[in-house]
Amino acid sequence: MHVALAQLDIKFGDPATNYQRVAIAVKQASQQGASVLVLPEMWNTGYALTDLDQLADVDGQRTRQFLIDLAQQYQLNIVGGSVAVARENYYYNEMLVVDRTGKVLSQYDKVHRFGLMQEDQYITAGQTENIFQLDGVPAMGVICYDIRFPEWLRKQAAQGPKVIFVSAEWPTVRLPQWRILLQARAIENQAYVVAVNRVGSDPDNDFGGQSLVIDPLGQVVTDAGDQATVVTTDLDLTQVAKVRSSMPVFADRRVELY
Ligand SMILES: NC(=O)CCC(=O)C(=O)O
């Protein structure tokens, strides 16, 4: 699996500009030979939560067609980060995963709302897991604050995913925690973590990137730095089986105790 991390600057409250930026990133990823592109969180609007009534994608229709078209045109699987979606008078922070044939593989609403960025006031929490197969590889996806809840990731990782995709708008001030949390999620689940954060700023926060690829032993194999960029990395998926067989932590769980 050759993953491309689209570490984008997101223009606050300006979907038109942001759709263009994503289209450029998809083209760059394709030119770099990627098989999967990963986008950041809330890339259509940024955290312009007070304006969701005008900005959110109604029923996610625009984003769905946009990602399907790009996936087919560039023959690329897309882990679509997340966008602000309006559905039946509620707003969601929603991830779509689309394969290169244009098939929608999953639709996931962020489960844990981040109060420090007012999500609890505007966003409705999701209820469902997000496990899918990309080119036959079992994978899962979560959104930003979700990574602070290891039980949520574990519940899904125990079902077989070898790659954990994370899309985020994680402020610079807490990037040291971002790195440690992601490394811990990789180590405990013995999986690759492919995590994409944004750069730039909005009225309340600066975002410093540090999109990462972390191997199943917790080592950072790619760090995208702090500027807007598309970086690609090859995942050696044989590592997952090797690490899991060298230390069988899933089999050693005492699920009767917890
Ligand atoms: N957008 C988010 O969920 C941000 C999460 C965050 O910054 C954290 O510290 O957790």
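In the block above lies the structure referred to throughout.
Notes on the structure follow. Owing to the predicted nature of the structure, the values given are computational and were not obtained by experimental measurement.

**Things to note about the nonpolar core**
No. 1: Among the nonpolar cores identified, the biggest contains 48 residues, and M1, V163, F165 and W178 are the most heavily contacted of them.
No. 2: The residues contacting V163, other than those within four sequence positions of it, are M1, V137, P138, A139, M140, Y192, V194, L235 and L237.
No. 3: The next biggest cluster of nonpolar side chains, apart from the first, holds 25 residues, and it includes A6, V26, L67 and L70.

**What about the site of the ligand?**
No. 1: In the vicinity of the ligand, the contacting residues are E41, Y47, K110, F114, M117, C144, Y145, R148, E169, W170, P171 and R174.
No. 2: Take K110: an N or O atom from its side chain is 2.8 Å from an oxygen atom of the ligand.
No. 3: Between the ligand and Y145, the relevant distance is 3.2 Å, taken from an oxygen atom to a main-chain nitrogen or oxygen of the residue.
No. 4: Within the shell around the ligand, the residues separate by chemical class into 7 nonpolar, no polar and 5 charged.

**Comments concerning empty space enclosed by the protein**
No. 1: Scanning the model with the defined rule gives 1 cavity of 30 Å³ or more in all.
No. 2: Residue lining of the largest cavity: F114, M117, C144, Y145, R148, E169, W170, P171 and R174, and that is the complete set.
No. 3: Residues that form the lining of the largest cavity fall into these classes: 6 nonpolar, no polar and 3 charged.

**Describing helix α6 (residues 175–189)**
No. 1: Here α6 contains 15 residues, and its C-alpha end-to-end distance of 21 Å stays within 8% of the 21 Å for a straight helix at 1.5 Å per residue.
No. 2: Among the residues of α6, L175, W178, L181, L182, R185, A186 and N189 are the ones counted as buried. Looking straight down α6, one finds its buried side chains confined to an arc of 135°; they lie on one side. Within α6, the exposed residues directed more than 90 degrees away from the buried face are P176 and I180.
No. 3: Packing partners of the buried residues in α6 comprise α5 (150–157), β10 (163–167), β11 (192–196), β13 (206–208), β14 (212–214) and α7 (238–246).

Quick notes on the rules
Residues numbered from 1 in each chain as written. Predicted model: local features only at pLDDT ≥ 70, side-chain atom pairs only at ≥ 80, totals over all residues. Heavy atoms only, no water. Core = buried A, V, L, I, M, F, W, Y, C linked by side-chain atoms within 4.5 Å. Buried < 20%, exposed > 50% of the residue type's maximum accessible area, 1.4 Å probe, protein only. Contact = heavy atoms within 4.5 Å. Near = heavy atom within 4 Å. Polar contact = N/O pair within 3.5 Å; in protein donor to acceptor, adjacent residues only side chain to side chain. Nonpolar A, V, L, I, M, F, W, Y, C, P; charged D, E, K, R; others polar. 1 Å grid on protein atoms, 1.4 Å probe; cavity = no way out; pocket = protein on both sides within 12 Å on 5 of 7 lines; lining within 4 Å. Points joined across faces, edges and corners; volume = space filled by probe spheres on them. Helix = DSSP H or I, 4+ residues; strand = E, 2+ residues; numbered from the N terminus. Expected span 1.5 Å × (residues − 1). Arc of directions from axis to C-beta.

Honestly, it's all geometry; don't read function into it.
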